[in-house]
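Okay, here's what each chain looks like letter by letter:
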Number of protein chains: 2
Amino acid sequence: MAVKLTDRSQKILEAIIEEYIATAQPVGSKALTQNQGIKLSPASVRNVMAELEDLGYLVSPHTSAGRIPTEKGYRFYVDTILRVSEMDSRQQDRIELQYRQQGLQMTDMLREASRTLSSISHYTGLVMIPRLKTTIFRHIEFVKLSPRLILAVFVTQSGLVQNKLVEVDEDLSPRELEKITNYLNQTMTGLSIQDVRTRIITEMAQEKALYDQLMRRAFTLSSAALVDESNGDVIIEGTSRFLEQPEFSDLDCMKRIVQTFEQKSALVELLDRGLETKGVQVIIGSETEHTELSDCSLITAAYSGKRGTLGTLGVIGPNRMPYATIIPIVDYTASLISRLLDTDND
Amino acid sequence: MAVKLTDRSQKILEAIIEEYIATAQPVGSKALTQNQGIKLSPASVRNVMAELEDLGYLVSPHTSAGRIPTEKGYRFYVDTILRVSEMDSRQQDRIELQYRQQGLQMTDMLREASRTLSSISHYTGLVMIPRLKTTIFRHIEFVKLSPRLILAVFVTQSGLVQNKLVEVDEDLSPRELEKITNYLNQTMTGLSIQDVRTRIITEMAQEKALYDQLMRRAFTLSSAALVDESNGDVIIEGTSRFLEQPEFSDLDCMKRIVQTFEQKSALVELLDRGLETKGVQVIIGSETEHTELSDCSLITAAYSGKRGTLGTLGVIGPNRMPYATIIPIVDYTASLISRLLDTDND
DNA sequence: CTTAGCACTCCTTCTCTTTGAGTGCCAAAG
DNA sequence: CTTTGGCACTCAAAGAGAAGGAGTGCTAAG
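Predicted, not measured: the structure shown is a model, and the values here were computed from it.

> I'd like a description of the protein's contact with DNA strand C, backed by residues and values.
Around DNA strand C, a shell composed of 19 residues is seen, among which Arg 8, Ser 44 and Thr 63 of chain A together with Ser 29 and Arg 67 of chain B lie nearest. Put simply, 74% of the atoms of DNA strand C that lie within 4 Å of the protein are in sugar or phosphate. One of the backbone nitrogen or oxygen atoms of Ser 41 of chain A is found 3.1 Å away from a phosphate oxygen of DNA strand C. A distance of 2.8 Å is found between a phosphate oxygen of DNA strand C and a side-chain nitrogen or oxygen belonging to Ser 29 of chain B. At the level of secondary structure, the elements contributing two or more residues to the surface near DNA strand C comprise α3 (42–54) of chain A together with α3 (42–55) of chain B. Here the surface near DNA strand C gets four residues from one element, more than from any other, and that element is α3 of chain A. By residue class, the composition of the surface near DNA strand C is four nonpolar, eleven polar and four charged.

> I'd like to hear about the relation of the copies chain A and chain B, residue by residue, with values.
The two chain copies are related to each other by a rotation about an axis together with a translation along it. Expressed as a screw operation, the relation of chain A to chain B combines 0.0 Å of axial shift with a rotation of 180°, fitting to an RMSD of 0.1 Å. Accordingly, the operation relating the two chain copies is best matched by a two-fold axis.

> If you had to explain unusual backbone geometry to someone new, which residues and values would you point to?
For His 122 of chain A, which is not glycine, the phi dihedral falls at a positive 65°. Within the secondary structure layout, His 122 of chain A lies in the loop between α6 (106–121) and β3 (124–128). Here the phi dihedral of Glu 289 of chain B falls at roughly 60°; this positive angle occurs in a residue that is not glycine. By secondary structure assignment, the location of Glu 289 of chain B is in the loop between β8 (280–284) and β9 (296–304).

> Give me the lowdown on the sheet that holds strand β7 (residues 234–237) of chain B, citing residues and values where you can.
Residues and elements named next belong to chain B. If you trace the five strands from one edge of the open sheet to the other, you get β7-β3-β10-β9-β8, paired in antiparallel fashion. The two strands at the open ends of the sheet, each matched to only one other strand, are β7 and β8. The sheet shows a mean angle of 20° between the axes of neighbouring strands, direction not considered. The strands that helix α6 (residues 106–121) touches are β3 (124–128), β7, β9 and β10 (309–318); relative to β3, the one it contacts most, it runs at about 155°.

> Give a description of the interface of chain A and chain B that names residues and reports values.
Each partner contributes to the interface: chain A provides 32 residues, whereas chain B provides 32 residues. When chain A packs against chain B, the two sides together hide about 3000 Å² of surface, and 64% of this comes from carbon and sulfur. Of all residues in chain A, Leu 165, Leu 243 and Leu 251 of chain A give up the largest surface area on contact with chain B, accounting jointly for 19% of the area buried on that side. Linking chain A with chain B are two salt bridges, by the criterion used here. Residue Glu 244 of chain B is joined to Lys 255 of chain A by a salt bridge in which the shortest nitrogen-to-oxygen separation is 3.5 Å. One can count eight residue pairs in polar contact (both at pLDDT 80 or more) joining chain A with chain B. Here the element with the most residues in the side of chain A that touches chain B is strand β4 (residues 137–146) of chain A; it accounts for seven residues. Of the residues contributing to the side of chain A that touches chain B, the split by class is 13 nonpolar, ten polar and nine charged.

> I'd love a proper account of the packing of helix α5 (residues 89–100) of chain A against α6 of chain A, names of residues and values included.
Residues and elements named next belong to chain A. α6 packs onto α5 with a crossing angle of 145° between their chain directions and a minimal axis gap of 10 Å. You can see that α5 and α6 cross each other, and the crossing is right-handed. In this structure, α5 contributes Gln 91, Arg 94, Ile 95, Gln 98 and Tyr 99 to the contact, and α6 contributes Met 109, Glu 112, Ala 113, Thr 116 and Ile 120. Partitioning the contact of α5 with α6 into residue classes produces five nonpolar, three polar and two charged.

> How would you explain the protein's contact with DNA strand D if you had to name every residue and give the values?
Looking at DNA strand D, there are 19 residues lining it, with Ser 29 and Arg 67 of chain A together with Arg 8, Ser 44 and Thr 63 of chain B nearest. Considering the 4 Å shell around the protein, atoms of DNA strand D inside it are sugar or phosphate in 77% of instances. Within the contact set of DNA strand D, a sugar or linking oxygen lies 3.4 Å away from a backbone nitrogen or oxygen of Ser 64 of chain A. A distance of 2.8 Å separates a phosphate oxygen of DNA strand D from a polar side-chain atom of Arg 67 of chain A. Secondary-structure elements contributing two or more residues to the surface near DNA strand D are α3 of chain A together with α3 of chain B. Top element by residues in the surface near DNA strand D is α3 of chain B. It accounts for four residues.

> Describe in detail the sheet that holds strand β5 (residues 149–156) of chain A, supporting the description with residues and values.
Residues and elements named next belong to chain A. Ordered in space as β4-β5-β6, the three strands form an open sheet in which the pairing is antiparallel. The open sheet terminates on both sides in strands that have one partner only, identified here as β4 and β6 (161–167). Pairwise comparison of adjacent strand axes, ignoring direction, gives a mean angle of 20° for this sheet. Bridge count between β5 and β6: seven bridges; the pairing is antiparallel. Within the sheet, the bridge partner assigned to Leu 149 lies in β6 and is Glu 167. Packing against the sheet, helix α10 (residues 213–225) makes contact with β4, β5 and β6, and its axis sits at approximately 125° to β6.

So, how was this worked out
- Residues numbered from 1 in each chain as written.
- Chains lettered and ligands numbered in written order.
- Predicted model: local features only at pLDDT ≥ 70, side-chain atom pairs only at ≥ 80, totals over all residues.
- Heavy atoms only, no water.
- Near = heavy atom within 4 Å.
- Polar contact = N/O pair within 3.5 Å; in protein donor to acceptor, adjacent residues only side chain to side chain.
- Helix = DSSP H or I, 4+ residues; strand = E, 2+ residues; numbered from the N terminus.
- Nonpolar A, V, L, I, M, F, W, Y, C, P; charged D, E, K, R; others polar.
- Least-squares fit on C-alpha atoms with pLDDT ≥ 70 in both.
- Pairing = 2+ DSSP bridges.
- Axes fitted to C-alpha atoms, helices over the stretch in contact; angles between N-to-C directions.
- Contact = heavy atoms within 4.5 Å.
- Buried area = accessible area lost by both parts, 1.4 Å probe.
- Salt bridge = Lys/Arg side-chain N within 4 Å of Asp/Glu carboxyl O.
- Left-handed = near helix turned anticlockwise from the far one by under 90°.

Right, dumping it as structure tokens:
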């Protein structure tokens, strides 16, 4: 896919896309010439537009309407034309203030992030909660609720708290529990959950553990407590923003999208994609590979804690999104969250 | 508002409402006579309908349309005409099975309840999470995360787990923390959070506490941990169901409703109303006293744990809801949840 | 290469008409 | 006194043109 567009063609494509983003109406040649820095006649613009249509960057809904960008058009715009600016520093401060006032709980902060993303972008905010396995073990505590029922409370380095009820076969004395707790906290702190789990498995395989009943129990209990059944959860805020978009005025289409949101699995999959990428990622339309979301675009970025990536966050909206303003918002939010997770809870 | 409707009028009102619930179309006299057990001519039915309109139970959108029920009509229908049946026992079993397979965590169960309510009613499910203060203290645990930061984990009798980060002024040793934990668990178990809090206040007022530093710290810590900032949270499942209702095909109206859902406060208020009521409560249209919800009805019921009411759950949909089928669903779900909360976690 | 001109397309909007469901009322029948 | 058939009336919804207009592609001249 060669990039062989003349400067002028790019300018015009840019203008069309930006006009369409602003108005949601097909853009005609006349509108373009009147608007801005394009000093050409409508006829010349038409020639270029026809060319851009041949190349697949534009389509016209019908002969007597203007042109609208295709996915390929958006993609080219995002990849090649768009120069993202930094965010206004006053706005940065305003956002940061939002979080500073908040409490310290990580999930609350992530929820706030999703809400803020939605409210300043005017689209729908998404935040993926960190997967257990990618986080760092910090502390575990067992609370005996009844002879057979133990509550495991597990805290990650970044401050995520996870509760888990574990049913056990044998009645454990408070003393035993305490020993187990101490042992685990001493040996496992600082490891990633991934590592903790492999370690548990290897240690259990060694004979020594098999003979030490207490150890065996410790491992059984902790491995039960650390099973990551969350499977990725997403905080979605501002679903109602979707109802504001003219492209989703079709109720049926709208319904499918909202249902997809409710199931979350598609969103988890999409946010997962951004986990290993650095910087902001843009997924446009059918790139989502979910038919229900084929008219939606996502702008995502990964956020990280002390050690490595924790999750991703972003904004979802129609293809026709003001990428130029939202990309910096997502970018800034991700780095802000990372910073806050880094400094908190030492 | 005297109930002076003849038997025949009631029958006709019932038929109209049920027809309207089924079709979402204004009901005409002809449709009624053809349909069911009404053996009258259209003309007679018209007379009765005019009478019902005078009484305020029906309105017609315009002269040449049929009639639709007013809120007063629904109210009368629900209060006087409707005889709710028990739920099909096979369906009961099917529902119960859903929960049995689930894990033990209370919030998971409540989420499942909301989801199930939505999927079997085909409307939107609501479940209010228990307020802390109405629940019974069972166990508290403190985990020291850093010198100044303590994680309080707090378990209620019904199995609700609450985490709270508390910042403290003074560095507490693990030994002190343990003492505090033991003290609190011994003295407070079995009391309601409400009682625990008043107790803390009175004890702190007594001199003895003032001189015992440890005690003072225990009280400070626990009172910080037990502050109920949750302010009532609602689990909403199946928002997309609203998009299926023809009465909300107006996007603007739809948007307002979804926004109201997102804010949750209105729903909390409405669910709160059902806290002290026994059995199923029906709130119709403007009875919600929220203009955005003036075309919505709620069917709610309280659920309870070992000791007293914990919260409410229910279904929200358009006024035109099949009350006859949903009321038993809500009723059964509430009692099922109560039963499960009673037997679990002893 | 650019641009003015022009014929052509076809969506959108408006008005006007038609259609039909449903009503209210009256007078006759039960 | 209640019930019913008949009938004129109302009014939303649906359809059919007709007019308007935005936008295009093409051609030929600058």
